[in-house]
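Each chain, written out:
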Protein chains: 2
Amino acid sequence: MPINPDAVGAKSEPTRQSWTSKDALLYAVGVGAGQEPLEELQYTTENSTDIDQRVLPTMAVVLGGGGGAFAQIGSFNPAMLVHGEQQISLHREIPVEGEIETVSEITGIYDKGKGAVVVSEATSTLVSDGEPLFSKTMSAFIRGEGGWGGDSGPALEWERPDGDPDEVVTYTTRPEQALIYRLSGDRNPLHADPQFAAMGGFDRPILHGLCTYGFTGRGLLRALCDGDSARLRSMYGRFSSPVLPGEDLTVKVWRTGDGPDGASTAVFQTEGSDGRVVLDKGTCSYT
Amino acid sequence: MPINPDAVGAKSEPTRQSWTSKDALLYAVGVGAGQEPLEELQYTTENSTDIDQRVLPTMAVVLGGGGGAFAQIGSFNPAMLVHGEQQISLHREIPVEGEIETVSEITGIYDKGKGAVVVSEATSTLVSDGEPLFSKTMSAFIRGEGGWGGDSGPALEWERPDGDPDEVVTYTTRPEQALIYRLSGDRNPLHADPQFAAMGGFDRPILHGLCTYGFTGRGLLRALCDGDSARLRSMYGRFSSPVLPGEDLTVKVWRTGDGPDGASTAVFQTEGSDGRVVLDKGTCSYT
């Protein structure tokens, strides 16, 4: 087995990444902003009348890597890796341009039998003032790497409230969505190349999980934050089914009350065109 | 009248522009490549199995400016400028990355009564070998700047063959198309900002004419060149009606015979969703 379960605790070197206004605009159209062209102009344009450009909070997932420590878990077939979970905590609004320094650490490697789950936490600091900007936790499922008799990891406590959701937002992904989203950094051919996708066992290239995550974040902003990026504090979700580019994504949101530091909380699920849950066990906090 | 009809002959300084593989991919998705996700992978990906990345020939219109000499015609309200005509001549295939040096010249300023037409020619040389890569001629219509009693300019000889077109290709533009296309360089808010578009007399932001031109170029490649970018030698069209993002574009092509240097020729028109002609008097040559 080529991955090493003892790599827990391994840290990456600090890495720096800068981004520009154009990068933020490209990320926004990558996650479908602008499909209602007269909304979200603050995220898709830098020069509209009386509108200052802002950054979608989920752009945190394409900034600063966050999986840098993955290089220390050993070798595996990248076609077998799928994104498992993604959490972001936003300490403040992401500026339109900037530079961050990021350190990531492997915080868990779990044996799921058919595969391994590797968890990585990353913290990113804005270089200009040395203060934290956001932190992220992600887990990846690597098929074929489990079965060494290791710990299967903690269970997540999550409960969906009874009754209909309080808010429902539906967006359409485009057949070409992954070809736009990948220009924000994740060039994994699983999302573009039919031959590569077939090697991973998929009939067609699948959408990036983090693209679904970005669509979902837009839905949460609209449903809970009046579209104001500064109000989303944190967001977690588990990728439960691949999405094909072109599917509709429906974000269902249940408000759950008050959270820490004066924030409110909600849980959510995102469904694909056929109603199956594609991003599950979602939680978020917002002001 | 703030523009100066005597500016004919004014040249720009040589300007240099470089581009990357990513710029070429972004241009391709900006003009809708990838909407049939399994086609055009050579233009939308750099790492698909057994496919080398290539560049859509119409990317010439976003490289090297070409309107640099416009700075010498005087001042005008940019909301009143619409693209009139665009011609490109490709001396060879555009590389995936490179640097060009471009010189442009004002070659005509014509009085159309309700506005002025300004014609600019640009030639671009690949810096790495000093040889010509492409040349372009564009004209712009500037509403409100005509009426000084000047020459109205030459008439274009163009005839559509009788009968049905030999080839028909239809593509869909997305409501968000202009928000993607503009990231290739033309940030004119006429194409994104409803308030700015209203100042120009439009109910909604309109698609970039050159985005329609890029969709049309894809249609010509498919209809005449088996999708091979190296085979399109030249392309001309006149923008005859604004296109709203979200409209379908139908490219109708009539083969017209042999052209110079062993090339073949065709004429074309591109229609919007309602069948009106949006890119008119089209001609192209190909091998």
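Residues numbered from 1 in each chain as written. Chains lettered and ligands numbered in written order. Predicted model: local features only at pLDDT ≥ 70, side-chain atom pairs only at ≥ 80, totals over all residues. Heavy atoms only, no water.

**A look at the environment of Ala-140 of chain A**
Then, in step 1: Note on placement: Ala-140 of chain A falls in strand 5 (residues 132-143).
Then, in step 2: Judged by its relative accessible area of 0%, Ala-140 of chain A falls in the buried class. (Helix = DSSP H or I, 4+ residues; strand = E, 2+ residues; numbered from the N terminus. Buried < 20%, exposed > 50% of the residue type's maximum accessible area, 1.4 Å probe, protein only.)

**A few points about helix 5 (residues 209-224) of chain B**
Then, in step 1: Helix length check: helix 5 of chain B (16 residues) gives 22 Å between terminal C-alpha atoms against 22 Å at 1.5 Å per residue, within 8%.
Then, in step 2: A large share of helix 5 of chain B lies buried, amounting to 14 of its 16 residues. (Expected span 1.5 Å × (residues − 1).)

**Examining the sheet that holds strand 4 (residues 115-126) of chain B**
Residue and element names in this part refer to chain B.
Then, in step 1: Spatially, 1-3-4-5-2-7-10-9-8-6 is the arrangement adopted by the 10 strands of the open sheet, whose pairing is antiparallel. Since the sheet does not close on itself, it has two edges, and those belong to strand 1 (15-19) and strand 6 (167-172), each with one partner. Adjacent strand axes in the sheet meet at a mean angle of 25 degrees, parallel and antiparallel pairs treated alike.
Then, in step 2: With respect to the sheet, helix 5 is in contact with strand 2 (81-90), strand 6, strand 7 (232-239), strand 8 (248-258), strand 9 (264-271) and strand 10 (277-286), its orientation differing from that of strand 7 by roughly 140 degrees. (Pairing = 2+ DSSP bridges. Axes fitted to C-alpha atoms, helices over the stretch in contact; angles between N-to-C directions. Contact = heavy atoms within 4.5 Å.)

**Quick look at the packing of helix 1 (residues 21-30) of chain A against helix 1 (residues 21-30) of chain B**
Then, in step 1: As a packed pair, helix 1 of chain A and helix 1 of chain B sit with axes 13 Å apart at the nearest point and diverge in direction by 40 degrees. What the angle tells us is that helix 1 of chain A and helix 1 of chain B run oblique. Between helix 1 of chain A and helix 1 of chain B the crossing geometry is left-handed. The residues of helix 1 of chain B that touch helix 1 of chain A, namely those facing Lys-22, Asp-23 and Leu-26 of chain A, are Lys-22, Asp-23 and Leu-26 of chain B. (Parallel < 35°, antiparallel > 145°, perpendicular 65-115°, else oblique. Left-handed = near helix turned anticlockwise from the far one by under 90°.)

**Some thoughts on the pattern of salt bridges**
Then, in step 1: All chains considered together, the criterion is met by 28 salt bridges over all chains.
Then, in step 2: Its salt-bridge partner being Glu-176 of chain B, residue Arg-174 of chain A comes within 2.7 Å of it at the nearest N-O pair. Of this pair, Arg-174 of chain A sits in the loop between strand 6 (167-172) and helix 3 (177-181) while Glu-176 of chain B sits in the loop between strand 6 and helix 3 (177-181), on two different chains. Across this residue pair, the class does not change: Arg-174 of chain A and Glu-176 of chain B are buried. (Salt bridge = Lys/Arg side-chain N within 4 Å of Asp/Glu carboxyl O.)

**Points about the domain arrangement of chain A**
Residues and elements named next belong to chain A.
Then, in step 1: Entries for chain A in the domain assignment read domain 1 (5-143) and domain 2 (167-286).
Then, in step 2: A C-alpha centroid distance of 14 Å is found between domain 1 and domain 2.
Then, in step 3: Contacts between domain 1 and domain 2 engage 35 residues on the former and 35 residues on the latter.
Then, in step 4: Both sides together, the interface formed by domain 1 and domain 2 hides about 2,900 Å², and carbon and sulfur atoms give 54% of it.
Then, in step 5: The interface formed by domain 1 and domain 2 includes 3 salt bridges.
Then, in step 6: Run the count over domain 1 and domain 2 and you get 19 residue pairs in polar contact (both at pLDDT 80 or more).
Then, in step 7: Contributions of two or more residues to the side of domain 1 that touches domain 2 are made by helix 1, helix 2 (41-44) and strand 2 (81-90).
Then, in step 8: The biggest single contributor to the side of domain 1 that touches domain 2 is strand 2, with 10 residues.
Then, in step 9: Residues belonging to the side of domain 1 that touches domain 2 are distributed by class as follows: 18 nonpolar, 10 polar and 7 charged. (Domains from an automatic or database assignment. Buried area = accessible area lost by both parts, 1.4 Å probe. Polar contact = N/O pair within 3.5 Å; in protein donor to acceptor, adjacent residues only side chain to side chain. Nonpolar A, V, L, I, M, F, W, Y, C, P; charged D, E, K, R; others polar.)

**Observations regarding the interface of chain A and chain B**
Then, in step 1: Taken residue by residue, the interface counts 33 residues in chain A and 33 residues in chain B.
Then, in step 2: Across the chain A to chain B interface the summed buried area is about 2,900 Å²; carbon plus sulfur atoms make up 57%.
Then, in step 3: On the surface where chain A and chain B come into contact, there are 6 salt bridges.
Then, in step 4: The partner of Arg-187 of chain A in a salt bridge is Glu-46 of chain B, with the nearest N and O atoms 3.1 Å apart.

**Concerning the state of the cysteines**
Residues and elements named next belong to chain A.
Then, in step 1: This model, assessed by the stated rule, comprises 0 disulfides over all chains.
Then, in step 2: Cys-284 provides the cysteine sulfur closest to Cys-211, a residue in no disulfide bond, and the two sulfurs are 19 Å apart.
Then, in step 3: Relative accessible area serves as the criterion here: at 0%, Cys-211 is assigned to the buried category.
Then, in step 4: Free of any disulfide, Cys-225 has its nearest neighbouring cysteine sulfur in Cys-284, separated by 7.1 Å.
Then, in step 5: The exposure class assigned to Cys-225 is buried, which follows from its relative accessible area of 0%. (Disulfide = S-S within 2.5 Å.)

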